[in-house]
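In case you want the letters, here they are:
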Amino acid sequence: LSDLCDYWYIRRGLRELLMDDMIPSPEISQAVLYACRRNNNLPAAIRFLEVLKYKCGPNEEAYDYVMQELGPTMADLGLKSPEELGLDVVVTEFE
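Rules used throughout
Residues numbered from 1 in each chain as written. Predicted model: local features only at pLDDT ≥ 70, side-chain atom pairs only at ≥ 80, totals over all residues. Heavy atoms only, no water. 1 Å grid on protein atoms, 1.4 Å probe; cavity = no way out; pocket = protein on both sides within 12 Å on 5 of 7 lines; lining within 4 Å. Points joined across faces, edges and corners; volume = space filled by probe spheres on them. Helix = DSSP H or I, 4+ residues; strand = E, 2+ residues; numbered from the N terminus. Buried < 20%, exposed > 50% of the residue type's maximum accessible area, 1.4 Å probe, protein only. Salt bridge = Lys/Arg side-chain N within 4 Å of Asp/Glu carboxyl O.

## Observations regarding the layout of surface pockets
So, point 1. Taken as a whole, the largest pocket encloses approximately 190 Å³ of empty space.
So, point 2. Taken together, Tyr7, Ile10, Arg11, Leu14, Arg15, Leu18, Ala44, Arg47, Phe48 and Val51 make up the full set of residues lining the largest pocket.
So, point 3. Secondary structure elements with two or more residues in the lining of the largest pocket: helix H1 (7-19) and helix H3 (42-56).
So, point 4. A per-element tally of the lining of the largest pocket places H1 first, with 6 residues.

So, in structure tokens, the structure goes:
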């Protein structure tokens, strides 16, 4: 993702990336997060992290590895993981 990438290109690239039958590498994930930052689009970055966890599926080791490698990038960008934001909890009962 280049410096001239706007949100339309981010969405297009993410759609193509996430339709593949693979887990994005930490380098690709880092490029996505920086592209979201250049476009000042925090929701896209958080959504990418959520979908990344979904793509890893039951393979928690792969998700943990990618998140470990993304740790410095997320700290640099001031992002929190979906778990830290409470987005991994599904509420099924409302009071």
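That covers the picture; the talk isn't over yet.
## With respect to unusual backbone geometry
So, point 1. Positioned with a positive phi, Asn40 is a non-glycine residue whose angle comes to about 50 degrees.
So, point 2. Looking at where Asn40 falls in the secondary structure, it is placed in the loop between helix H2 (26-38) and H3.
So, point 3. A relative accessible area of 60% means that Asn40 is categorised as exposed.

## Some details on the pattern of salt bridges
So, point 1. Tallying each qualifying case throughout the model produces 3 salt bridges.
So, point 2. With a shortest N-O distance of 3.4 Å, Arg47 and Glu50 are connected by a salt bridge. Of this pair, Arg47 and Glu50 both sit in helix H3, 3 residues apart, roughly one helical turn.
So, point 3. Residue classification places Glu50 among the partly exposed positions, given a relative accessible area of 25%.

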